[in-house]
Amino acid sequence: MASSTYISAFLLLFFILFLTPARAASNVKPRSHLPTSSFVPSSSFLSTLQSTLDEIKSVTSLLSTFSGVLGDDQRLSSAVSDCLDLLDLSSDELTWTLSSSQASSTLSAVGTGNRRSDLRSWMSAALGNQDTCKEGLDGTGGLVGTLVAGGLDMVNSLVYDALREIVAVGGGDGGGGGRRRRLMEFPEWVSAGDRRLLQTQPTMVANAVVAQDGSGNYTTVSEAVEAAPAKSARRYVIYVKKGVYMENVEIKKKKWNLVLVGDGIGQTIISGNRSVVDGWTTYRSATFAVSGMGFICRDLTIENTAGPEKHQAVALRSDSDLSVYYRCEFSAYQDTLYAHSLRQFYRDCRISGTVDFVFGNAAAVFQNCLLLARIPLPKQKNSVTAQGRKYADQNSGFSFQFCNVSASADLAAAGNSTETYLGRPWKEYSLTVFMQSYLGPVVQPQGWLEWNQDFALDTLYYAEYLNYGPGSALGNRVKWPGYHALNDSATATNFTVAQFIEGNLWLPATGVKYTAGLAV
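Every chain begins its residue count from 1, and numbering advances along the sequence as written. Thresholds applied to this predicted model are a pLDDT of at least 70 for local features of residues and 80 or more for the giving and counting of side-chain atom pairs; totals over whole chains, interfaces and linings are not thresholded and use all residues. Values shown for side chains rest on all heavy atoms present in the structure; no hydrogens or waters enter the calculation.

1. Things to note about the overall build of the protein chain
The following threshold applies: Secondary structure elements follow DSSP: runs of H or I no shorter than four residues count as helices, runs of E no shorter than two count as strands, and numbering proceeds from the N terminus. Think of it in three bands: residues with accessible area under 20% of the maximum for their type are buried, residues over 50% are exposed, and the middle band is partly exposed, with areas taken using a 1.4 Å probe on protein chains only. Note on contacts: a residue pair is in contact if any heavy atoms of the two residues lie within 4.5 Å. Surface accessibility in these figures is a Shrake-Rupley result with a 1.4 Å probe; residues are shielded only by whichever protein chains are displayed.
The number of helices and strands found in the protein chain is 10 helices and 26 strands. In the protein chain, which comprises 520 residues, the proportion classed as buried is 60%. The contacts in the protein chain between residues at least 6 apart in sequence include a share of 73% that link residues at least 24 apart. When the accessible area of the protein chain is evaluated, it comes to approximately 19300 Å², of which 50% is carbon and sulfur surface.

Structure (structure tokens):
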């Protein structure tokens, strides 16, 4: 351990749950024993992956010639940096897919062990990365976007061909069904007495402690993250003592299995103020950005204080596969939480914002979260979500279960004067579901908002199931072909933790409580 400093009591629970390999936990199967699907890649599939990797190298090489020579053009520099990072992520996701597709490969270090599900998740993410790159470059109005557009389109075309082959095969995803598991899992060697103790007031030593007063190993979160091991197979716990940390933190793709623990919402605060108006891309504006897989964040606040007049200004951006955010707060205005890609789970979180304040193209489930609409700029309308599924074969979307959609104190005091909607379709196949949630009076009777006239109204998938509260009445909801007022549990089950993000295969090892199916 890096320090002998004792930290808050609950962290011994993290030691037991996170620093013990997942296979030691009771009732959790090793990845080699998890179900795999019947997907057997064809020779053309493998050839397509290799061709795509080659094309990514070509586009990356071209973009690299611009990196570092763009002078004071911050927006273009940010866009080029975004593209290089995003192409690098696509390269990793394709490499995992290629390796996992080999007959003898178990690829135990990444994924859930369910081959088809993992491959579809990685390829769905890889398909979206180039679109984010293009969006950033389109905002620069320069030559760079034109020069690389053809290469980016070629990468997307190849990725889509491979994704369609995965989807066409069909077959068992091994998602674990809708049953409910125990909320916490402990290794078999932990006695019943010790389990009771661990759930009350234990103490432990963290791998690293961040404290502004110098009482820890580091004074900034970024320093602690930089010092963490690369591609760690074990959880690495960073405890951040209470205080306001004015910094932009980035957890890069090689930082696997990091656990960031604070002293509570409003106590440990990571704060930034980047925005699109000030020259950053939306992607690069994030106060906290994470790409390393298996990230867990707990008991802290991440905020972007740029304000509504600065438009897009992200608090959290996540590209971390199999990541968990537990008892966290994300606070900003437009584009607060950028759930960009891959599989993510949010539990007992507080998310506040105005326009599209939960957006992106991850496969994300939000359970027991508080979603607060704030006062935006004059004439703006609030939308809780702007989900960005662009292709029908992507397995991405947002599912909200046991959540609470309400007005912030200032908006409520103003009599809910701003029109607030559950979501609007950012991309053609936008997918968002609210189920078993409280919808407050802030939600408009129509429920959902158009993006641009009739764009995507036929192809989106928006649904509601067994919601309650003054904003949940369905009588005046939109009549779009893609909107569904669900009344059967069989369909709703598709959007549960067990089915939508294969949560039974990976969440027990994180120690974070969750509900697998529809039951409370």
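Picking up where we left off.
2. Description of the state of the cysteines
Each disulfide consists of a covalent bond between the sulfur atoms of two cysteine residues. So the rule is basically this: Throughout, disulfides are identified as pairs of cysteine sulfur atoms within 2.5 Å of each other.
Within this structure, the stated rule accounts for 1 disulfide. Between the sulfur of C83 and that of C133 lies a disulfide, 2.0 Å long from S to S. Its S-S torsion of about 95° marks the bond between C83 and C133 as right-handed, since a negative value means left-handed. Note that C83 is positioned in helix α3 (residues 74-100) and C133 in helix α4 (residues 115-138), a separation of 50 residues in sequence.

3. Quick notes on the environment of Q130
The line we're drawing: A 3.5 Å cut-off defines polar contacts: any pair of N or O atoms within that distance qualifies, except that in protein one atom must be a possible hydrogen donor and the other a possible acceptor, and neighbouring residues in sequence count only when both atoms are side-chain atoms.
Inspection of the secondary structure assignment puts Q130 in helix α4. For Q130, a relative accessible area of 1% puts it in the buried group. Between the C-alpha atoms of Q130 and C83, which are 47 residues apart in sequence, the distance is 7.4 Å. Filtering out sequence-adjacent residues up to four positions away, Q130 remains in contact with L87, S90, L152, V155 and N156. There is a polar contact of 2.8 Å between the side chain of Q130 and the side chain of N156.

4. A few points about the UniProt feature "active site" (unreviewed entry) in the protein chain
Filter applied, for reference: UniProt positions are given in the numbering used here, feature names are shortened, and annotations may be inferred rather than shown by experiment.
The sites that carry the UniProt feature "active site" (unreviewed entry) are, in the present numbering, D356. On the secondary structure map, D356 appears in the loop between β15 (350-353) and β16 (358-360). Overall, D356 belongs to the buried group, its relative accessible area being 5%.

5. Let's talk about the packing of aromatic side chains
Note the threshold: Each Phe, Tyr or Trp ring (for Trp, its six-membered ring) is paired with any other whose centre lies within 6.5 Å, and the angle between the two planes then decides the class: stacked below 30 degrees, edge-to-face above 60, tilted in between. Charge-over-ring placement is defined geometrically: NZ (Lys) or CZ (Arg) within 6 Å of the ring centre, and within 35 degrees of the ring normal.
Taken as a whole and assessed by the stated rule, the structure comprises 23 aromatic pairs. Relative to Y483, the ring of W448 lies with its centre 6.4 Å away and its plane at 55°, an arrangement referred to as tilted. With W448 in the loop between β24 (438-439) and β25 (461-465) and Y483 in strand β26 (residues 483-485), this pair connects stretches of sequence that are 35 residues apart. Judged by its relative accessible area of 1%, W448 falls in the buried class. The buried category is assigned to Y483, whose relative accessible area is 11%. Of note, R274 hangs over the ring of W280, and the distance from its end group to the ring centre comes to 4.0 Å. Of note, R317 hangs over the ring of Y283, and the distance from its end group to the ring centre comes to 3.6 Å.

6. Some points on helix α5 (residues 143-169)
Quick reminder of the rule: A helix is expected to reach a length of 1.5 Å times the quantity of its residues less one.
The first and last C-alpha atoms of α5 sit 41 Å apart over 27 residues, in line with the 39 Å expected at 1.5 Å per residue. All of the buried residues along α5 are V144, G145, V148, G151, L152, V155, N156, L158, V159, A162, L163 and I166.

7. Re the packing of helix α2 (residues 43-64) against α5
How we decide: For helices, the fitted axis covers only the stretch in contact; all axes are lines through C-alpha atoms, and the angles between them, taken along N-to-C directions, range from 0 to 180 degrees. Comment on the angle field: the value is read as roughly parallel under 35 degrees, roughly antiparallel over 145, roughly perpendicular from 65 to 115, and oblique elsewhere. In this scheme the handedness of a crossing depends on how the near helix is turned from the far one: anticlockwise by less than a right angle means left-handed, clockwise means right-handed. Polar here means any residue other than Ala, Val, Leu, Ile, Met, Phe, Trp, Tyr, Cys and Pro, which are nonpolar, and Asp, Glu, Lys and Arg, which are charged; Gly is therefore polar.
Close contact between α2 and α5 brings their axes to 9 Å; oriented N to C, the two are set at 160°. Of the possible angle classes, the one that applies to α2 and α5 is roughly antiparallel. In the packing of α2 onto α5, the handedness of the crossing is left-handed. Two secondary-structure elements touch here, α2 through S44, F45, T48, L49, S51, T52, E55, I56, V59, L62 and L63 and α5 through V144, L147, V148, G151, L152, M154, V155, L158, V159, A162, E165 and I166. Residue composition of the contact of α2 with α5, grouped by class: 16 nonpolar, 5 polar and 2 charged.

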